[in-house]
Amino acid sequence: LFPVINLTMHSFKIALLLACAALFVSPAPVLAAASGKKKADAAQKADNYPLKTCVVSGEPLGSMGDSFQYTHKEAGKPDRLVRFCCEGCVDDFKKEPAKFLKKLDDAVAANAAPKK
């Protein structure tokens, strides 16, 4: 019985030592790479954004300083980037997201339609 307990304690000590060592390894390069990818993805989505106005207020994006970007998440659907004239419009959007997402979808469809 003692060798089993001793082996278990030894394994626990090794796991604890590895966990403590991991705390001293800087995660900065990994985090920086992940952050850079997220920023690049957000920038690409923003460049393809179909509206120049806020879906809630109708104000031009950037008219109140930098526009505010929000990622709308809904179970079973892909995440959606939504831009607002200000952070205050996010609360109104969250009350009726389907209404405002329809405006965004209509703009995408209008931009995709062949131009005459």
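Residues numbered from 1 in each chain as written. Predicted model: local features only at pLDDT ≥ 70, side-chain atom pairs only at ≥ 80, totals over all residues. Heavy atoms only, no water.

Whenever I open this one, the packing of aromatic side chains confuses me. Can you help?
The relative placement of two aromatic rings is captured by the distance of their centres and the angle of their planes. On inspection of all chains with the given rule, the structure shows 4 aromatic pairs. Their ring planes at 55° and their centres at 6.3 Å tell us that Tyr70 and Phe84 sit as a pair that is tilted. Separated by 14 residues along the polypeptide, Tyr70 in strand E1 (residues 68–72) and Phe84 in strand E2 (residues 80–84) bring together distant segments of the chain. By relative accessible area, Phe84 is classed as buried at 0%. (Phe/Tyr/Trp six-rings, centres within 6.5 Å; stacked < 30°, edge-to-face > 60°. Helix = DSSP H or I, 4+ residues; strand = E, 2+ residues; numbered from the N terminus. Buried < 20%, exposed > 50% of the residue type's maximum accessible area, 1.4 Å probe, protein only.)

What is the right way to read the nonpolar core from this model?
As a rule of thumb, nonpolar side chains are buried together in soluble globular proteins. Counting residues in each nonpolar core, the largest one holds 18 residues, and the members touching the most others are Tyr49, Cys54, Val55, Val56, Val82, Phe84 and Phe93. Where this core is concerned, the elements lending two or more residues are E2, helix H3 (89–95) and helix H4 (97–112). For this core, the element with the most residues is H4, which contributes 4 residues. (Core = buried A, V, L, I, M, F, W, Y, C linked by side-chain atoms within 4.5 Å.)

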